Amino acid sequence: MATAESLRQEFMDYMDSKDIKYTVFDEEDNIVYLAFGGDKETFVLVDFDEDGNNADSVHFLSSNFAKAEKSKIPLALVRLNEINRQYRWVKFYMSDDGEISADCDAVISPGTVGAECVQISMRMSNIIEDALDKLAGAAEINEEAKRMFDVIALMKRLG
């Protein structure tokens, strides 16, 4: 069984070979940050599981990518339920204060980690963009969270 560190390294090697920009968000916990441009800027954290029982699993997370004002939380919940019915692989959820996140899990295999994780990350980014369109009027992009992750990523790259 491969280690989380070796799977993360394989993922990074693949992205380097494809000239995909990324940031090691947390080396000790094997978390990599990917930012996506497009109609809407999105981000995905790729977390390689260190748990000995799940060493071949990866958690993909876009934390607090959108936020609903308190008065719009009921509408946002209805729309999130619709989105969750449409996208079975990515789960969307909201905190009590209206912050919306998305995540998914995957079982991966050494030797194909790079292609698998890039594909899942890109697909998740596309799904989040679609979800943001469906959340229009109920929630807005959480620019503060995006900036925070971007600043942390930049600081890590600069050392």
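Here's what I pulled together on the structure shown here. Residue indices follow the written sequence of each chain, beginning from 1 at its first position. Only residues with pLDDT of at least 70 get local features here, since the model is predicted, and only at 80 or more are side-chain atom pairs given and counted; chain-wide, interface and lining totals rely on the full set of residues. Only heavy atoms go into the side-chain values, all of them from the structure, while hydrogens and water stay out.

## Structural notes on a negative patch on the surface
Two joining distances apply to patches: 9 Å for like charges and 5 Å for nonpolar side chains (Val, Leu, Ile, Met, Phe, Trp, Tyr), and every residue must have over 30% relative accessible area and no salt bridge. Method for areas: the Shrake-Rupley scheme with a 1.4 Å probe, in which residue coverage is limited to the protein chains shown. Should a side-chain nitrogen of Lys or Arg be within 4 Å of a carboxyl oxygen of Asp or Glu, the pair is scored as a salt bridge. Charge assignment in this entry is limited to Lys and Arg as positive and Asp and Glu as negative, and neither His nor the chain termini are counted. Charge coordinates come from a single atom per side chain, which is NZ of Lys, CZ of Arg, CG of Asp or CD of Glu. Where like charges cluster on the molecular surface, the negative patch consists of Glu28, Asp29, Glu50 and Asp51. Going along the chain from the N terminus, every DSSP run of H or I of four or more residues is numbered as a helix, and every run of E of two or more is numbered as a strand. With respect to the element layout, Glu28 can be found in the loop between β1 (23–26) and β2 (31–36). The buried label goes to any residue with under 20% of its type's maximum accessible area, the exposed label to any with over 50%, and the partly exposed label to all in between, with areas taken from a 1.4 Å probe on protein chains only. Of the residues examined, Glu28 reaches a relative accessible area of 70% and is grouped as exposed.

## Re the environment of Val24
You can see Val24 is positioned in strand β1. Sequence separation of Val24 and Leu34 is ten residues, and the distance between their C-alpha atoms is 9.0 Å.

## Considerations on the nonpolar core
By convention a nonpolar core is built from buried Ala, Val, Leu, Ile, Met, Phe, Trp, Tyr and Cys residues, the set being connected through side-chain atoms within 4.5 Å. The biggest cluster of nonpolar side chains holds 49 residues, and the ones touching the most others in it are Phe11, Val46, Phe48, Phe60, Phe65 and Phe92. Element by element, the count of residues in this core is highest for helix α3 (residues 113–134), at eight residues. In this view, Phe48 contacts Ala4, Leu7, Arg8, Phe11, Asp29, Asn30, Ser57, Val58, Ile108, Val113 and Cys117; residues no more than four positions away in its chain are not counted. The contact definition used throughout considers only heavy atoms, calling two residues in contact when any of these lie within 4.5 Å.

## Describing the pairing of strand β5 (residues 91–94)
The side-chain alternation of β5 yields one buried face, formed by Phe92 and Met94, and one unburied face, formed by Lys91 and Tyr93. A pair of strands is considered paired only if DSSP assigns at least 2 bridges between the two. Looking at chain direction, β5 and strand β6 (residues 99–107) are connected through four bridges and run antiparallel. Its bridge partner being in β6, Met94 is matched across the sheet by Ile100. What sits between the antiparallel neighbours β5 and β6 is a turn of four residues, in which Gly98 has the positive phi angle 90°.

## Structural notes on the pattern of salt bridges
Evaluated as defined, the whole model comprises three salt bridges. The partner of Lys134 in a salt bridge is Asp130, with the nearest N and O atoms 2.7 Å apart. Of this pair, Lys134 and Asp130 both sit in helix α3, four residues apart, roughly one helical turn. Classification of Lys134 as partly exposed rests on a relative accessible area of 32%.

## Side note on the packing of helix α2 (residues 73–86) against α3
α3 packs onto α2 with a crossing angle of 145° between their chain directions and a minimal axis gap of 10 Å. α3 is crossed by α2, and the crossing has right-handed handedness. Contacts between α2 and α3 involve Arg79, Ile83 and Gln86 from the first element and Asp130, Ala131 and Lys134 from the second. Gly falls in the polar group here, along with every residue not listed as nonpolar (Ala, Val, Leu, Ile, Met, Phe, Trp, Tyr, Cys, Pro) or charged (Asp, Glu, Lys, Arg). Its residues placed into classes, the contact of α2 with α3 shows two nonpolar, one polar and three charged. Lines are fitted to the C-alpha atoms to define the axes, a helix being fitted only along its stretch in contact, and any angle between axes, read from their N-to-C directions, falls within 0 to 180 degrees. Note on convention: near helix rotated counterclockwise from far helix by under a right angle means a left-handed crossing. Clockwise means right-handed.

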